[in-house]
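# Remarks on the overall topology
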Amino acid sequence: MVMLSPEPALVQNKFLSRCGQPEMDSHRPNNRRSNVVLVLVIVSLPTLLLSIVTSEEKVKVTLYYESLCPSSEDFILNYLYKIFDNGLISIVDLKLSPYGNARISSDGTIVCQHGRWECLLNTVEACAIQAWPDVNDHFPFVYCVEQQNNQGKYTEWEKCFDILNLDPKPVADCYNSGLGHKLEVQYADETKALEPPHEYVPWVVVDGQPLYEDYTNFISYICKAYKGSNVPQACVGLSHPITGPKDIVKGIKHVCYKEEDDVKPKSTLSEMISSMVASWMTKLA
């Protein structure tokens, strides 16, 4: 049975209501105390404004990927997670784009490189991103799903709701209402508009620059692109790339290239998928 928990935004609001607002009482406020508080607010104001500026200086990082591409799984599980572990996420504006090398057919349906299971999981992850917009909230779910995929348990992805104690209803509603499909179409448009066009996934873009085959070295590019004054510890002593990423040739063999349309799907039984999705939706109804 799925364990339900408040949505992340609601938890934050409850915390603010408990800790951010002073309790009101019937006593007349102490003027001296009020003056001290006022001085502290005035002194803190420049720091607050500086924080806002620092937030605007975050380095934009976008990962274009597809859920069942082994290289995408590997990058998320063994590389991307590190910016959450080492605190680098504080200077990063991270966006995930779960579409990859899929294409839209003439009748509007989406065809994915690794079959219908990939289309399902791409949409589920898109719905999770929509349901929990803060990357600190949706990344753990995406990580969990990719971990299931990496272990060959992609049919058990819904266990991530239990593992993370998340309410599945927002994702189920998104998928069932057709919103998930619309989100995927938006990701398709964004991917198609890439300049230069993506060649394979994972396709990592840092500060508007695709990293090509040097994508696993993305942390160095983040640190190089960051112009703020508060340099994270993860960047201290880190050597920055001297040449452009396009000049670095590693001969990647295991990425999922855009032209590889003959990839064997991990699932060939569309009836099985439809049945499992219908069963999942029925349980949540």
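Provided above is the structure to which this section pertains.
Summarised in this report is the structure supplied together with it.

Basis of the calculations
- Residues numbered from 1 in each chain as written.
- Predicted model: local features only at pLDDT ≥ 70, side-chain atom pairs only at ≥ 80, totals over all residues.
- Heavy atoms only, no water.
- Disulfide = S-S within 2.5 Å.
- Helix = DSSP H or I, 4+ residues; strand = E, 2+ residues; numbered from the N terminus.
- Buried < 20%, exposed > 50% of the residue type's maximum accessible area, 1.4 Å probe, protein only.
- Contact = heavy atoms within 4.5 Å.
- Salt bridge = Lys/Arg side-chain N within 4 Å of Asp/Glu carboxyl O.
- Expected span 1.5 Å × (residues − 1).
- Polar contact = N/O pair within 3.5 Å; in protein donor to acceptor, adjacent residues only side chain to side chain.

### Examining the state of the cysteines
Scanning the model with the defined rule gives five disulfides in all. Bridging Cys69 to Cys256, the disulfide has an S-S length of 2.2 Å. Linking Cys69 and Cys256, the disulfide has an S-S dihedral of approximately 105° and is accordingly described as right-handed. In this pair, Cys69 sits in the loop between β1 (59-65) and α3 (70-80) while Cys256 sits in strand β8 (residues 256-257), placing the two residues 187 residues apart along the sequence. Assigned by exposure class, Cys69 and Cys256 land together as buried. A sulfur-sulfur distance of 2.2 Å marks the disulfide that ties Cys127 to Cys174. Here the disulfide of Cys127 and Cys174 is left-handed, its torsion about the S-S bond being about -75°. Of this pair, Cys127 sits in helix α5 (residues 116-131) while Cys174 sits in helix α8 (residues 169-177), and the two are 47 residues apart along the sequence. One exposure class covers both Cys127 and Cys174, and it is buried.

### What to know about helix α10 (residues 218-225)
The element α10 is extensively covered by neighbouring structure, given that seven of its eight residues are classed as buried. Among the residues of α10, those classed as buried are Phe218, Ile219, Ser220, Tyr221, Ile222, Cys223 and Ala225. Summarising the contacts, the buried residues of α10 are in contact with β1, α3, α4 (82-85), β2 (92-98), β6 (203-206) and β7 (209-210).

### Remarks on the pattern of salt bridges
Evaluated as defined, the whole model comprises four salt bridges. Residues Glu190 and Lys95 are paired through a salt bridge, measuring 2.9 Å at the closest nitrogen-oxygen approach. In this pair, Glu190 sits in helix α9 (residues 179-192) while Lys95 sits in strand β2, placing the two residues 95 residues apart along the sequence. We classify Glu190 as partly exposed; its relative accessible area is 29%. Taking the shortest distance from any N to any O, the salt bridge between Glu156 and Lys159 comes out at 2.7 Å.

### Re helix α6 (residues 135-150)
Structural remark: α-helix, 3.6 residues per turn; residues separated by three or four positions point the same way. When the terminal C-alpha atoms of α6 are compared, their 21 Å separation across 16 residues agrees well with the 22 Å that a helix rising 1.5 Å per residue should span. Every buried residue of α6 is accounted for by Val135, His138, Phe139, Phe141, Val142, Cys144, Val145, Glu146, Gln148 and Asn149. Between the side-chain oxygen of the N-cap and the backbone nitrogen of Asn136 there are 2.8 Å, and the N-cap of α6 in question is Asp134. Positioned one or two residues after α6, Gly152 has a phi angle of 75°, which is positive.

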